[in-house]
Amino acid sequence: LATIIVTGGAGYVGAHACKRLARDGHVAVTIDNLSTGWRDAVRFGPFEGCDLADADGLAAAVARHRPDAILHFAAMSDIERSVADPALAWRANVAGTLNLLAAAGAAGVARFVLSSTCAVHGDQDGVLLTETSPVQPASPYARSKLASEMALADHAARSGMRYAIFRYFNVAGADEGREIGEFHRPETHLIPRALDVVRGRADRLVINGTDFPTPDGTCIRDFVHVEDLVDAHVAGLDHLARGGAERLFCLGSGRGYSVREVVRAVEAVTGTTLPVDAGPRRAGDSASLVCGSRLAQDVLGWQPSRSTLPRMIGDAWAWAQRPGFSA
Ligand SMILES: NC(=O)c1ccc[n+]([C@@H]2O[C@H](COP(=O)([O-])OP(=O)(O)OC[C@H]3O[C@@H](n4cnc5c(N)ncnc54)[C@H](O)[C@@H]3O)[C@@H](O)[C@H]2O)c1
């Protein structure tokens, strides 16, 4: 059993990872500045309130817990905001990762998993993205993630720390126990935004761009269930512990859905008709992003078995309807 530091453990994906690690008997220590995360979501292990920008505080927190591994989720991941304020993304994602790597190096951390994004590949004409697809990041967010990947690789080459980089996008769904789920404010993700309309928390769903070069004009995206993603992280830690050689994994369902298809699926799951408005494109959005996961399946034994639209929307809907949820 291990002690694992989870940066961003108060956020959506990180909180789900903490729950699983704790269930498996590990100590999951959250390091988070609560900028987009929630103190309430930190229920499965110790909490260290710390900003990645605080190099000394971070080094002290990492040293205090003497972790066997770090799962690095903390990031500024709002693409539109990164276009408006690129320095914000670079500070949080690149400078923050450099500080974390320094802290990991000083504490002799053996294993490190970085959450990256398939957005580093940019638009590739709807081709299924893999680990060998060329990179052409289309936003400051994606560029800052690619830079963090490179910083990690350089650090590990010198220190010998084992690492894995997971590139994924569009995480969806919620914890089967309904204890935690997706909750961003502002919410930029499609499924929770659509469910906000169903719940009467918003009047209409605005589709960001209907003139993309896709069959119905809306963006096409790949969706992965948050619990499947957590499976991959657990398998990734095991892979690194075994001395596995592969370091870069795409985690996608291999199937793309247009925004309009997702809207229809939300309507089917919730039994409602969604009022929809066509809005302008968001800065930094690509037309079609779909990635495969052959390598993760072969090497990590990963199966994105929960990553079907009805399942992801159903779990997100159950979470949104849980008793006492008023946000
Ligand atoms: N959610 C997705 O669809 C998706 C897709 C691809 C990649 N990712 C990546 O996965 C990771 C987690 O995403 P998420 O949806 O859980 O995001 P989130 O915003 O819910 O969680 C991020 C957490 O990091 C914390 N954080 C941010 N900046 C920090 C800083 N400087 N210091 C300390 N803590 C900080 C936030 O408070 C928050 O709790 C991110 O790295 C993101 O880029 C997410």
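Residues numbered from 1 in each chain as written. Predicted model: local features only at pLDDT ≥ 70, side-chain atom pairs only at ≥ 80, totals over all residues. Heavy atoms only, no water.

J.: Please explain unusual backbone geometry as it appears in this structure.
T.: Peptide bonds are, in most cases, trans, and in most cases residues other than glycine have a negative phi. Phi at L34 takes a positive value of approximately 60°, unusual for a residue other than glycine. You can see L34 is positioned in the loop between β2 (27-32) and β3 (47-49). Positive phi, normally seen in glycine, also occurs at N170, with a value near 25°. Of note, N170 is situated in the loop between β6 (162-168) and β7 (171-172). Take N170: its relative accessible area is 27%, and that puts it in the partly exposed class. (Helix = DSSP H or I, 4+ residues; strand = E, 2+ residues; numbered from the N terminus. Buried < 20%, exposed > 50% of the residue type's maximum accessible area, 1.4 Å probe, protein only.)

J.: How do you make sense of the site of the ligand when you look at a structure like this?
T.: The local shell around the ligand holds 28 residues, among which D32, T36, F73, Y141 and K145 are the closest. At a separation of 2.9 Å, an oxygen atom of the ligand approaches a polar backbone atom of Y12. A distance of 2.9 Å is found between an oxygen atom of the ligand and a backbone nitrogen or oxygen belonging to V171. A total of 830 Å² of accessible area belongs to the ligand in isolation, and the protein chains cover 95% of it. Of the residues in the shell around the ligand, the class split is 13 nonpolar, twelve polar and three charged. (Near = heavy atom within 4 Å. Polar contact = N/O pair within 3.5 Å; in protein donor to acceptor, adjacent residues only side chain to side chain. Areas by Shrake-Rupley, 256 points an atom, 1.4 Å probe, with all protein chains shown as cover. Nonpolar A, V, L, I, M, F, W, Y, C, P; charged D, E, K, R; others polar.)

None of this, on its own, says anything about what the molecule does.
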